[in-house]
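# Coordinate inspection notes
One-letter residues, chain by chain:
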Amino acid sequence: MEQIPDAETTTVTEPTRALAGLGRASSRRRTVLRGVAFSSLTLGATALSWSPLAGQRAARAENGPNGLKGWDRTDCSDAYPSGYSEEKDTGGSYVNEPAACFGGDFMGSMYCSSGWHKKGTERDAPILYTYTPISTACGSSTTKNAWKWKTGTKVWRCSDGNTRVSGGGSTRTYLTICRARV
């Protein structure tokens, strides 16, 4: 214990080896504390920018895969000024959620890929499903591929497409709606 100097009575005339490369002003307690505070603020701001809470942004038109365009607002007034009568999903993950989309022969999350209507072909022998996003069914004046709708606190994207079902010697095409949580 006696080898430890008393901070109140001892003065340091030379910087320690650890601080020797720094200037005299840099080694002061306030400078170090200022650096710690600045580093903490930087770290906190960076972490907040990564947070989903920071992702709350104003509604804006979104572009999906393959250049698909969506509507801006979450009340659908930009796509359907008079509104519409929401319909329950016909299948998928949100079948028990309040209705959000409308107008398709079939609606649900199973028509989605990355939050937009699927594109491509899938085989479930002997049936072949061909998914094609479209931009001709959504909107009363201008049309786009998808619109947003808010139910309670949840915002949904309803993305339009056609699903062609081929098998057993016949082919049928249906208007399908991908319902995805935004």
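Read on for a plain summary of the structure. (Residues numbered from 1 in each chain as written. Predicted model: local features only at pLDDT ≥ 70, side-chain atom pairs only at ≥ 80, totals over all residues. Heavy atoms only, no water.)

### So, the pairing of strand β7 (residues 154-167)
Strand residues, when the strand is regular, have side chains that alternate between the two faces of the sheet. Bridge analysis of strand β5 (residues 127-133) against β7 gives six bridges, and the strand direction is antiparallel. If you follow Tyr 131 over to β7, its bridge partner there is Thr 163. Bridging between strand β6 (residues 146-151) and β7 involves six bridges; their strand directions are antiparallel. By the bridge assignment for β7, Trp 149 is matched with Trp 156. (Pairing = 2+ DSSP bridges. Helix = DSSP H or I, 4+ residues; strand = E, 2+ residues; numbered from the N terminus.)

### Section: the environment of Trp 71
Locating Trp 71 in the fold gives a position in the loop between α1 (29-50) and β1 (106-108). Under the relative-accessibility criterion, Trp 71 is labelled buried at 7%. Linking Trp 71 and Lys 148, residues 77 residues apart in sequence, is a C-alpha distance of 6.7 Å. (Buried < 20%, exposed > 50% of the residue type's maximum accessible area, 1.4 Å probe, protein only.)

### Quick word on the state of the cysteines
The bond known as a disulfide is covalent and runs between the sulfur atoms of two cysteines. Scanning the entire structure with this criterion turns up two disulfides. Note on cysteine connectivity: Cys 101 is disulfide-linked to Cys 158, with sulfurs 1.9 Å apart. Its S-S torsion of approximately -85° makes the covalent link between Cys 101 and Cys 158 left-handed. Of the two residues, Cys 101 is situated in the loop between α1 and β1 and Cys 158 in strand β7; the sequence distance between them amounts to 57 residues. Grouping residues by exposure puts Cys 101 and Cys 158 together as buried. The partner cysteine of Cys 112 in its disulfide is Cys 178, sulfur to sulfur 2.0 Å. An S-S torsion of about 105° defines the bridge between Cys 112 and Cys 178 as right-handed. In this pair, Cys 112 is assigned in strand β2 (residues 112-113) and Cys 178 in strand β8 (residues 170-181), connecting sequence segments 66 residues apart. The exposure class assigned to Cys 178 is buried, which follows from its relative accessible area of 0%. Cysteine pairing for the protein, with bonded cysteines counted in sequence order: 1-3, 2-4. With no disulfide of its own, Cys 76 lies 6.2 Å from the sulfur of Cys 138, the closest cysteine sulfur. (Disulfide = S-S within 2.5 Å.)

### A closer look at the pairing of β5
Note: strand β4 (residues 120-124) against β5, five bridges, orientation antiparallel. The residue bridging Asp 124 from the neighbouring strand is Ile 127, located in β5. Between β4 and β5, which pair antiparallel and follow one another directly, the connecting turn spans two residues.

### Regarding the packing of aromatic side chains
Overall, the coordinates contain ten aromatic pairs when judged by the stated rule. With centroids separated by 6.0 Å and ring planes inclined at 80°, the aromatic side chains of Tyr 84 and Trp 147 adopt a geometry described as edge-to-face. In this pair, Tyr 84 sits in the loop between α1 and β1 while Trp 147 sits in strand β6, placing the two residues 63 residues apart along the sequence. The burial state of Tyr 84 is the same as that of Trp 147; both residues are buried. (Phe/Tyr/Trp six-rings, centres within 6.5 Å; stacked < 30°, edge-to-face > 60°.)

### Structural notes on the pattern of salt bridges
Counting across every chain of the model gives four salt bridges. As a salt-bridge pair, Asp 89 and Arg 179 come within 3.1 Å of each other at their nearest N and O atoms. Placement of Asp 89 in the loop between α1 and β1 and of Arg 179 in strand β8 is noted, with a sequence separation of 90 residues between them. Owing to a relative accessible area of 6%, Asp 89 belongs among the buried residues under this scheme. Residue classification places Arg 179 among the buried positions, given a relative accessible area of 0%. Taking the shortest distance from any N to any O, the salt bridge between Glu 97 and Lys 154 comes out at 3.1 Å. Here Glu 97 is found in the loop between α1 and β1, whereas its partner Lys 154 is found in strand β7, with 57 residues between them in sequence. (Salt bridge = Lys/Arg side-chain N within 4 Å of Asp/Glu carboxyl O.)

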